[in-house]
Amino acid sequence: MQLEHPDTRERQRRHIALAGVGETGAAKIAAARIAVVGAGGLATPALTLLAAAEVGNITLFDFDTIERHNLSRQTLYHEADIGEYKAERARDQLASAMPHGSIRPVLERLTAENAERLLADHDVVLDTTDHWPTRFVVADACERLGVPLVWGSVVAFDGMCTVFAPGGAGIDALIDRDRMLSCPGRSGSVEGTFSPLCGQVGSAMAGETIKLLTGIGRPLIGRVQLWDTLGATIREMPLRAHPNIEGTEL
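Per chain, residues are indexed from 1 in the order of the written sequence. Only residues with pLDDT of at least 70 get local features here, since the model is predicted, and only at 80 or more are side-chain atom pairs given and counted; chain-wide, interface and lining totals rely on the full set of residues. Hydrogens and water molecules were not included; the side-chain quantities draw on all heavy atoms of the structure.

Looking now at the confidence of the model for the protein chain. Per residue, pLDDT captures the predictor's confidence, and it can take any value from 0 to 100. Scored by pLDDT, the protein chain comes out at a mean of 90, with 92% of its residues at no less than 70. By definition in these notes, contact holds between two residues if any of their heavy atoms fall within 4.5 Å. Per-residue pLDDT stays below 50 along residues 241–250; that stretch engages in 34 contacts with residues further than four places along the chain or on separate chains.

A few words on the packing of aromatic side chains. Note on ring pairs: Phe, Tyr and Trp rings are taken, using the six-membered ring of Trp, and paired if centres are within 6.5 Å. Classes follow the plane angle, with under 30 degrees stacked, over 60 edge-to-face and the rest tilted. By the definition in use, this model includes four aromatic pairs. Ring geometry for tryptophan 132 and tryptophan 151: centres 6.0 Å apart, planes at 45 degrees, overall tilted. One end of the pair, tryptophan 132, is in helix α7 (residues 132–145); the other, tryptophan 151, is in strand β5 (residues 149–155), with 19 residues separating them in the sequence. Between phenylalanine 157 and phenylalanine 194, the ring centres sit 5.3 Å apart and the planes meet at 45 degrees, which makes this aromatic pair tilted. Here the residue phenylalanine 157 occupies a position in the loop between β5 and β6 (158–164), and phenylalanine 194 occupies one in the loop between α9 (188–191) and α10 (195–214), the gap between them amounting to 37 residues. Phenylalanine 194 sits in the partly exposed class, given a relative accessible area of 31%. By the ring-pair criterion, three or more aromatic residues cluster together here, those being Trp132, Phe136, Trp151 and Phe164. Any Lys NZ or Arg CZ that is within 6 Å of a ring centre and within 35 degrees of that ring's normal is treated as a charge sitting over the ring. Over the face of the ring belonging to tryptophan 132 we find arginine 135, whose NZ or CZ atom lies 5.3 Å from the ring centre. Under the scheme used here, helices are H or I runs from DSSP no shorter than 4 residues and strands are E runs no shorter than 2 residues, and both carry numbers assigned from the N terminus. Only protein chains enter the area calculation, which uses a 1.4 Å probe; residues under 20% of their type maximum are buried, those over 50% are exposed, and those in between are partly exposed.

Its place among the elements puts lysine 211 in helix α10. Polar contact is the term for a pair of N or O atoms within 3.5 Å; when the atoms are in protein, one must be able to donate a hydrogen and the other to accept it, and sequence-neighboring residues count only if both atoms are side-chain atoms. Engagement of the side chain of lysine 211 in a polar contact is seen with the side chain of glutamate 208, the distance being 2.8 Å. For lysine 211, the side chain forms a polar contact with the main-chain oxygen of arginine 218, separated by 3.0 Å. Residues contacting lysine 211, with those up to four places away along its chain left out, are Ile216, Arg218 and Pro219.

By rolling a water-sized probe across the atoms, one finds the places where empty space is left. Every definition here rests on a 1 Å grid over the protein atoms only: cavities are sets of points where a 1.4 Å probe fits but cannot get out, pockets are open sets enclosed by protein on both sides within 12 Å along at least five of seven lines, and lining residues have some atom within 4 Å of a point. Grid points are joined across faces, edges and corners, and a volume is the space filled by probe spheres set on the points. Computed from the structure, the largest pocket encloses a volume of approximately 940 Å³. Taken together, 40 residues make up the lining of the largest pocket; nearest its centre are Asp64, Thr128, Thr129, Asp130 and His131. Of all the secondary-structure elements, those providing two or more residues to the lining of the largest pocket are α7, β5 and α9. Tallying contributions element by element places β5 first for the lining of the largest pocket, with four residues.

Where burial is concerned, the two faces of strand β4 (residues 124–127) agree: the one with Val124 and Leu126 and the one with Val125 and Asp127 are both buried. Taken together, the four bridges between strand β1 (residues 33–37) and β4 define a ladder with parallel strand orientation. Residue pairing across strands places valine 37 opposite aspartate 127, the latter belonging to β4. Two strands make a pair as long as DSSP finds a minimum of two bridges between them. Relative to β5, β4 runs parallel, the two being bridged by three bridges.

Given below as structure tokens:
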């Protein structure tokens, strides 16, 4: 596979130099179709890195508008953007970072009725939301479609990231669905969100996406990466049914 634009090849020079990536991997990145669900604290670093890597086509699902309290962690947005749609402002901010790609905002909530249709024809889906009904809808649609799902979460000082992929464990191996829908438990809106951790987890999600696109390394399939910011630790645990994760249970 060849990169279509010479300047894209130049922008991708450091990726092309990576063992296992090369021009073939860079071309896969440039041709990729990515869906990002949510345009908040995890999405903004993930989107910034994926756009800079020249992922060719990004569909961004979010119908929320920007509020002042978003600005401390949603770094694509500024004071003058308050009241604007996040997905549209993200597109505008990232346009110059992906001159040969596109980012398409969709101002529509994903539901059980439309998710499979809207997420079809994407290579990877990233779920960056904090809304549990939407998380389960997205996970179910990705499982039916056979599309890998990169999943992240931050609450207070704790974060996690994993990948749900065809043939691997699904979201119900990590989260007790019935409990989360009836008693949502921890929430960033209640406990707060440590903004630098959004950058760490969002960056990890971008990295997992590029690994999946290029086929390099060992993605977080069947494993959960856990951040404890106050303890300055990052650890990993295998994905198994409804683990009791001290300090990170959502």
